[in-house]
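Each chain is listed here by its residues.
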Amino acid sequence: MKNSPSKKNSLKHVLFGSLIGTTIEFFDFYIYANAAVLVFPQLFFPSSDSTMATLESLATFSIAFLSRPLGSAFFGHYGDKIGRKFTLVAALLTMGISTVTIGFLPSYASIGVAAPLLLMLCRFGQGVGLGGEWGGAVLLAIENAPPHKRAWYGMFPQLGAPIGLLLSGGTFLLLTDSMSNEDFMNYGWRIPFIASALLVIVGFYIRTKITETPSFEEAKKHEEEVKVPFLELVKSYKNQLIFGTFAAITTFLVFYLMTVFTLSWATSDLGIAKRDGLLIQLFSVLFFALFIPVSAVVADKIGRRKMLIAATAAIAVFGFFFSFFLSSGNIALVAVFACIGMSLMGFTYGPLGTFLSELFPTNVRYSGASLTFNMAGILGAAFAPMIAIWLAKTYDVSYVGFYLIAAALISLISFLVISKDEHKF
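Note that this is a predicted model, so its numbers are computed, not measured. (Residues numbered from 1 in each chain as written. Predicted model: local features only at pLDDT ≥ 70, side-chain atom pairs only at ≥ 80, totals over all residues. Heavy atoms only, no water.)

**Observations regarding the overall build of the protein**
Per the secondary structure count, the protein includes 22 helices and zero strands. Computed over C-alpha atoms, the radius of gyration of the protein comes to 21 Å, within 12% of the 22 Å expected from 2.2 N^0.38 for 425 residues, which places it in the range of a compact globule. Judged by the C-alpha coordinates and their principal axes, the protein covers about 65 × 45 × 35 Å. The contacts of the protein with a sequence gap of at least 6 include a subset with a gap of at least 24, amounting to 86%. Carbon and sulfur atoms make up 69% of the accessible area of the protein, which amounts to about 16200 Å² in all. (Helix = DSSP H or I, 4+ residues; strand = E, 2+ residues; numbered from the N terminus. Rg over C-alpha atoms; globule rule 2.2 N^0.38 Å. Contact = heavy atoms within 4.5 Å. Areas by Shrake-Rupley, 256 points an atom, 1.4 Å probe, with all protein chains shown as cover.)

Right under this line is the structure:
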């Protein structure tokens, strides 16, 4: 008789397996974000207007958010039909191949308009891969968790975001410190994209050693499988899909305002050196990482919904202080601003994966959690850096804060009206 999946997968194996995959995926995702601000405007979008070049570069950044729901639908379908394990491996490879390819792309000066088109294609692939990765990694953790520790287990894949960001930002900082600007722009920026292949190999090995989750095996045993998970979601779980998406938009918006927008604004408009901007970002990410487990502990005690409502309300208040922190050009105030914002990000991001997963039953959970999360990415993040830069330059940086407040109010309303049914695991 075969052992059950829960016996085959040790706690360490499950949590590390969920963490390593999201770390790799987010590392790949964020090295693009850094390059979209620091490198791509000059190499792929030459323009006499630096602002226009930056906006064009950030437009390619948004492509991944548009393709993430496609990845969610595709990988979610097979994750709910044939299992979490195979789907997680396929998503990791999709992301990894797309990222490594970017490291070999010729610039606009070499092949003209084909260069940004190829860059856009690779960014599309990154989005498809991450769209399938996140949901599966979260389910790997929480479908192996005891009920009273579900948020705690579910925060491990969430930690992949700050760890991936630390690795990507640290890599770019190391490269800019160790080589001239000319060498960095010529070939140095390619190193993290190509080197990510090593991380993908490690992740691939670990993922192939993981067995299916007990929840999925139980659903399969009782023949609870649905023919087309996406259609079942639309038919029976519209409330969860719609309001789950709106509930998560603030999480995405606050993150990309704290990273992409803040780095761009600090280095291009406040006159802060790129190195100092990266250092501020890296330091603030420590607060992001710290408050993810804190929020998970609180969420297991008071409930995921209450924790997320409190965090979202705090983010709305934070939106009123954008002008105070970002108008003076004071580097210390910018650093404090980034640390506060990233702390709030940790509070809202930690329990989010568990909350979204609990909205759906096992037979459509991969598709449902992934789609709500990644549709929120389109609404909350795909064009957020572009909108924020436009608001700041056209009106004032305080309007970026108002933008965040509006999103927080939408999320708060969604948390209040979303279905309160919690499905079995």
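Don't stop here, the text continues.
**Regarding the packing of helix 9 (residues 160-178) against helix 15 (residues 274-302)**
Where helix 9 meets helix 15, the closest approach of the two axes is 9 Å, and the angle between their N-to-C directions is 160 degrees. Considered as vectors, helix 9 and helix 15 are oriented roughly antiparallel to each other. You can see that helix 9 and helix 15 cross each other, and the crossing is left-handed. Where helix 9 approaches helix 15, its residues Ala-161, Pro-162, Leu-165, Leu-166, Gly-169, Gly-170, Phe-172, Leu-173 and Asp-177 are matched on the opposing element by Arg-275, Leu-278, Leu-279, Gln-281, Leu-282, Val-285, Leu-286, Phe-288, Ala-289 and Ile-292. Residues that form the contact of helix 9 with helix 15 fall into these classes: 14 nonpolar, three polar and two charged. (Axes fitted to C-alpha atoms, helices over the stretch in contact; angles between N-to-C directions. Parallel < 35°, antiparallel > 145°, perpendicular 65-115°, else oblique. Left-handed = near helix turned anticlockwise from the far one by under 90°. Nonpolar A, V, L, I, M, F, W, Y, C, P; charged D, E, K, R; others polar.)

**Quick look at the nonpolar core**
The biggest cluster of nonpolar side chains holds 125 residues, and the ones touching the most others in it are Val-39, Phe-40, Tyr-256 and Phe-261. When residues of this core are assigned to their parent elements, the largest contribution, 16 residues, is made by helix 14 (residues 238-268). Among all residues touching Val-39, those that are not within four sequence positions of it are Asn-34, Phe-172, Phe-184, Met-185 and Trp-189. If you look at the next biggest cluster of nonpolar residues, it comprises five residues, including Ile-20, Ile-24, Val-200 and Ile-206. (Core = buried A, V, L, I, M, F, W, Y, C linked by side-chain atoms within 4.5 Å. Buried < 20%, exposed > 50% of the residue type's maximum accessible area, 1.4 Å probe, protein only.)

**What to know about the side chain of Thr-251**
Topologically, Thr-251 is positioned in helix 14. Accessibility expressed as a relative area gives 2% for Thr-251, which makes it buried. For Thr-251, the residues in contact, after removing those within four places along its chain, are Met-345, Thr-348, Tyr-349 and Leu-352.

**Comments concerning a nonpolar patch on the surface**
Together, Val-317, Phe-320, Phe-321, Phe-324, Trp-390, Tyr-395, Tyr-399 and Phe-402 give the surface a local cluster of nonpolar side chains, amounting to about 910 Å² of exposed area. Residue placement: Val-317 occurs in helix 16 (residues 304-318). A residue is classified by how much of its surface remains accessible, and Val-317, at 48% relative accessible area, is partly exposed. (Patch = residues over 30% accessible without salt bridge, like charges linked within 9 Å, V, L, I, M, F, W, Y side chains within 5 Å. Salt bridge = Lys/Arg side-chain N within 4 Å of Asp/Glu carboxyl O.)

**Some details on the packing of helix 2 (residues 11-38) against helix 4 (residues 50-81)**
Running from N to C, helix 2 and helix 4 point in directions that differ by 155 degrees, and their axes come no closer than 8 Å. Here helix 2 is positioned roughly antiparallel relative to helix 4, judged by the angle of their axes. As helix 2 runs across helix 4, the sense of the crossing is left-handed. Counted together, Phe-29, Tyr-32, Ala-33, Ala-36 and Val-37 of helix 2 and Ser-57, Leu-58, Thr-60, Phe-61, Ala-64, Phe-65 and Arg-68 of helix 4 form the full contact between these two elements. Taken together, the residues that form the contact of helix 2 with helix 4 break down as nine nonpolar, two polar and one charged.

**Details of the packing of aromatic side chains**
For the structure shown, the criterion picks out 29 aromatic pairs. Here the aromatic rings of Phe-252 and Phe-373 are separated by 4.8 Å at their centres, their planes lie at 55 degrees, and the arrangement is tilted. Of this pair, Phe-252 sits in helix 14 while Phe-373 sits in helix 20 (residues 362-382), and the two are 121 residues apart along the sequence. Each member of the pair, Phe-252 as well as Phe-373, carries the same accessibility label: buried. (Phe/Tyr/Trp six-rings, centres within 6.5 Å; stacked < 30°, edge-to-face > 60°.)

**What about the pattern of salt bridges?**
Under the counting rule described, the total for this entry stands at six salt bridges. Among the ionic pairs, Asp-300 bridges to Arg-304, the shortest N-O distance being 3.0 Å. Arg-304 sits in the buried class, given a relative accessible area of 10%. Across the pair Arg-304 and Glu-358 runs a salt bridge whose closest N-O atoms are separated by 2.4 Å. Highlighted residues: Arg-304 in helix 16 and Glu-358 in the loop between helix 19 (352-357) and helix 20, separated in sequence by 54 residues. Accessibility assignment for this pair places Arg-304 and Glu-358 in one class, buried. Connected through salt bridges with shared partners, the residues Arg-150, Asp-300, Arg-304 and Glu-358 form a single ionic network.

**A closer look at the confidence of the model for the protein**
Averaged over all residues, the pLDDT of the protein is 87; the fraction at 70 or higher stands at 95%. Within the model, the stretch residues 1-7 combines pLDDT values under 50 with eight contacts to residues more than four positions away or in other chains. (pLDDT = per-residue confidence, 0-100.)

**Some words on helix 11 (residues 190-208)**
A rise of 1.5 Å per residue sets the reference length of helix 11, with its 19 residues, at 27 Å; its end C-alpha atoms lie 28 Å apart and thus fit the reference within 8%. Next to the buried residues of helix 11 lie helix 2, helix 3 (40-43), helix 5 (84-102), helix 7 (114-142), helix 9 and helix 10 (181-188). (Expected span 1.5 Å × (residues − 1).)

**Topic: helix 9**
Its 19 residues give helix 9 an end-to-end C-alpha distance of 26 Å, which sits within 8% of 27 Å, the value for a rise of 1.5 Å per residue. Every buried residue of helix 9 is listed here: Gly-160, Ala-161, Pro-162, Gly-164, Leu-165, Ser-168, Gly-169, Phe-172, Leu-173 and Leu-175.

**Observations concerning the side chain of Ser-196**
For Ser-196, the location among the structural elements is in helix 11. Excluding residues that lie within four positions of it along the chain, Ser-196 makes contacts with Phe-27, Asp-28, Thr-99 and Val-100.

**Some words on the environment of Val-128**
One can find Val-128 in helix 7. Once the C-alpha coordinates of Val-128 and Ile-97 are considered, the two residues, 31 residues apart in sequence, prove to be 12 Å apart.

**Some details on the environment of Gly-277**
Examined against the element boundaries, Gly-277 turns out to sit in helix 15. In this structure Gly-277 comes out as buried when scored by relative accessible area, which is 7%. For the pair formed by Gly-277 and Gly-21, sequence separation is 256 residues and the distance between their alpha carbons is 27 Å. The residues touching Gly-277, leaving out its near neighbours within four places in the chain, are Leu-263 and Ile-272.

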